[in-house]
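Residue-level structural notes
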Amino acid sequence: MKKLILTLLVGGFLMTNLSAKEPSKKVKLNSGYEMPTLGLGTWTLTGQVCEDAVYAALKSGYRLIDTAKYYGNESEVGKAISRAISDGICKREEVFITTKLVPWSSNPDADIEDSLRQLGLTYIDLCLLHQHGSASGDDAVYRAMIRAVKEGKIRSVGISNFYTEKSVSHFINDFDLPPAVIQNENHLKYQNNSLRDWAAKKGIYIESYYPFGGRGHTAEHLKNHAVTEIAKAHKKTAAQIIVRWHLQSGYIAIPGSSNPSHIAENFAVWDFELSDSEMKELLELNTGKRYENW
């Protein structure tokens, strides 16, 4: 089977997806910046547990860390980054930090400043509108993010929890900067491939949160018969098979964990590939139904 090379003209430059069997560790966003394709999600992680998890991820090789103002853990994420830099594990310019702003904010400009303080950073790599609120609230937050890009406080902007072409098109057509990333619930049971393919034509990447189905559904995914059989064939864990599926499907993935062993395991997915038949088998697990309602 010939390798598929997808090249898009976005914002005046060429953006290339590597073949599905050779997922890149980084992709170039329509903002011109590179983003790692595999990172650590920090939803529900707080306090020292969060700080230690982020530090363990950076030590294991991750360079993408995902947080949000709503999570209440930006400070812990920032402390972990500072520790890792101090210990020589990474440099600031090597780490890609994503945070998110709530749509009901009365002062999104102040929220951006607060996120920078909490994280201890001079710029945020990617800032997302966390979810749909009111139309006016969404627009106010998105405009604030664009202002922050122009001021050098944010490098790339995006949206989260927008699942239709219609809802995404508003941010493409009605603002100076289109989204670089759409972060959505995405997993084996909910594969919104139509949005992924449409967004790719617009130069936008889809990022998967809940790559294992989310809390309460993880076992259902990790114990799935197709997943476990493929894992046996590759002598890998079920989690590694699922992460690899996300990457070969063209997604950015941010599995969450507080366990250093699991964090390292989830990142050790670059030395094997899923066959076409295995990818097809996993594609067939799609039900088209999400677990969350936001």
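Here the structure is shown first, and the text comes after it.
We now turn to the structure provided with this report. If you're wondering where the values come from, they're calculated on a predicted model, not measured in any experiment.

The subject of this paragraph is the packing of helix α3 (residues 108-119) against helix α4 (residues 135-150). Where α3 meets α4, the axes come as close as 9 Å, and the angle between the chain directions of the two elements is 55 degrees. Regarding the angle of α3 to α4, the classification is oblique. For the pair α3 and α4, the crossing hand works out as right-handed. Across the interface between the two elements, Pro-108, Asp-109 and Ile-112 from α3 touch Ala-140, Val-141, Ala-144, Met-145, Arg-147 and Ala-148 from α4. Looking at the contact of α3 with α4 residue by residue, the classes come out as 7 nonpolar, no polar and 2 charged.

The end-to-end C-alpha distance of α4, which contains 16 residues, comes to 23 Å, matching closely the 22 Å that a straight helix rising 1.5 Å per residue would cover. On its buried face, α4 sits against β7 (96-101), α3, β8 (124-129), β9 (154-160) and α5 (165-173).

Right, let's get into the packing of aromatic side chains. All chains considered together, the criterion is met by 12 aromatic pairs. Ring centres 5.2 Å apart and planes at 45 degrees place the aromatic pair Trp-43 and Tyr-71 in the tilted group. Linking Trp-43 in the loop between β5 (40-41) and α1 (47-60) with Tyr-71 in the loop between β6 (64-66) and α2 (74-86), this pair joins segments that are 28 residues apart in sequence. Tyr-71 gets classed as buried once you look at its relative accessible area, which sits at 14%. Between Phe-171 and Phe-175 the ring centres are 5.8 Å apart and the planes differ by 10 degrees, which places this aromatic pair in the stacked class. In this pair, the class of Phe-171 matches that of Phe-175, namely buried.

Here we come to α1. For α1, which comprises 14 residues, the first-to-last C-alpha distance of 20 Å matches the rise-based estimate of 20 Å (1.5 Å per residue) to within 8%. Where α1 is concerned, the buried positions are Cys-50, Glu-51, Ala-53, Val-54, Tyr-55, Ala-56, Ala-57 and Leu-58. Here the buried face of α1 lies against β5, β6, α2 and α10 (260-267). Directly beyond the C-terminal end of α1, a positive phi value near 115 degrees is found at Gly-61.

Looking now at the sheet that holds strand β10 (residues 181-185). Pairing is parallel across the open sheet formed by 8 strands, whose spatial order is β5-β6-β7-β8-β9-β10-β11-β12. Only two strands of the sheet have a single neighbouring strand rather than two, namely β5 and β12 (252-253). On top of the sheet, α4 reaches β7, β8 and β9; it is set at about 160 degrees to β9, its chief contact.

Pairs can form between side chains of opposite charge whenever their charged atoms are close. Within this structure, the stated rule accounts for 17 salt bridges. For Asp-114, the salt bridge is made with Lys-69, and the minimal N-O distance between the two is 2.8 Å. Placement of Asp-114 in helix α3 and of Lys-69 in the loop between β6 and α2 is noted, with a sequence separation of 45 residues between them. A residue is classified by how much of its surface remains accessible, and Asp-114, at 24% relative accessible area, is partly exposed. Taking the relative accessible area as the measure of exposure, Lys-69 reaches 19% and is therefore buried. Several salt bridges share partner residues, and in doing so they unite Lys-69, Glu-74, Asp-114 and Arg-117 into one network.

The two faces of a sheet get side chains in turn, since along a regular strand they alternate between them. With 6 of 6 residues buried, β8 lies mostly within the body of the structure. Where β7 and β8 come together, 4 bridges link them in parallel fashion. Residue pairing in the sheet places Lys-100 in a bridge with Leu-128 of β8. Since β7 and β8 lie parallel, the crossover through α3 that links them has a hand, and here it is right-handed. As defined by bridge partners, β8 adjoins β9 across 5 bridges and the pair is classed as parallel. Bridge assignment links Leu-129 to a residue of β9, and that residue is Ile-159. In this region the chain leaves β8, passes through α4 and returns to the parallel neighbour β9; the handedness of that crossover is right-handed.

Our focus in this paragraph is the state of the cysteines. Simply put, the disulfide is a covalent bond whose two ends are the sulfur atoms of two cysteines. Summed over the entire model, instances satisfying the criterion amount to 0 disulfides. Unpaired in terms of disulfides, Cys-50 finds its nearest cysteine sulfur in Cys-90, a separation of 15 Å. The class of Cys-90 is buried, set by a relative accessible area of 4%.

Conventions adopted
- Residue numbering note: each chain is counted from 1, following its sequence as written.
- Residue-level local features of this predicted model are given only where pLDDT is at least 70; pairs of side-chain atoms are given and counted only at 80 or more, and the full residue set underlies all totals for whole chains, interfaces and linings.
- Each side-chain value is derived from all of the structure's non-hydrogen atoms; neither hydrogens nor water enter the calculation.
- In this analysis an axis means a line fitted to C-alpha atoms, helices contributing only their contacting stretch, and an angle means the value between N-to-C directions, from 0 to 180 degrees.
- Put simply, DSSP H or I for four residues or longer makes a helix, DSSP E for two residues or longer makes a strand, and each gets a number counted from the N terminus.
- With respect to orientation, any angle under 35 degrees is reported as roughly parallel, any angle over 145 as roughly antiparallel, any angle of 65 to 115 as roughly perpendicular, and every other angle as oblique.
- Handedness of a crossing follows from how the near helix is turned relative to the far one, being left-handed for an anticlockwise turn of less than a right angle and right-handed for a clockwise one.
- Contact definition: two residues touch when any of their heavy atoms are within 4.5 Å.
- We call Asp, Glu, Lys and Arg charged. Ala, Val, Leu, Ile, Met, Phe, Trp, Tyr, Cys and Pro are nonpolar, and the rest, Gly among them, are polar.
- Here the expected span of a helix is defined as 1.5 Å times the quantity of residues minus one.
- Only Phe, Tyr and Trp rings are paired, with Trp represented by its six-membered ring, and only when their centres lie within 6.5 Å; those with planes under 30 degrees apart are stacked, over 60 edge-to-face, the remainder tilted.
- For the exposure calls, accessible area comes from a 1.4 Å probe over protein chains only, and a residue counts as buried if that area is under 20% of its type's maximum, exposed if over 50%, partly exposed in between.
- Two strands pair under a simple rule: DSSP has to find at least two bridges between them.
- The salt bridge definition used is simple: a Lys or Arg side-chain nitrogen within 4 Å of an Asp or Glu carboxyl oxygen.
- We call a crossover right-handed when, viewed with the strands running away from us, the connection from the first strand over the helix to the second turns clockwise.
- Here, two cysteine sulfur atoms that lie within 2.5 Å of each other are counted as a disulfide.

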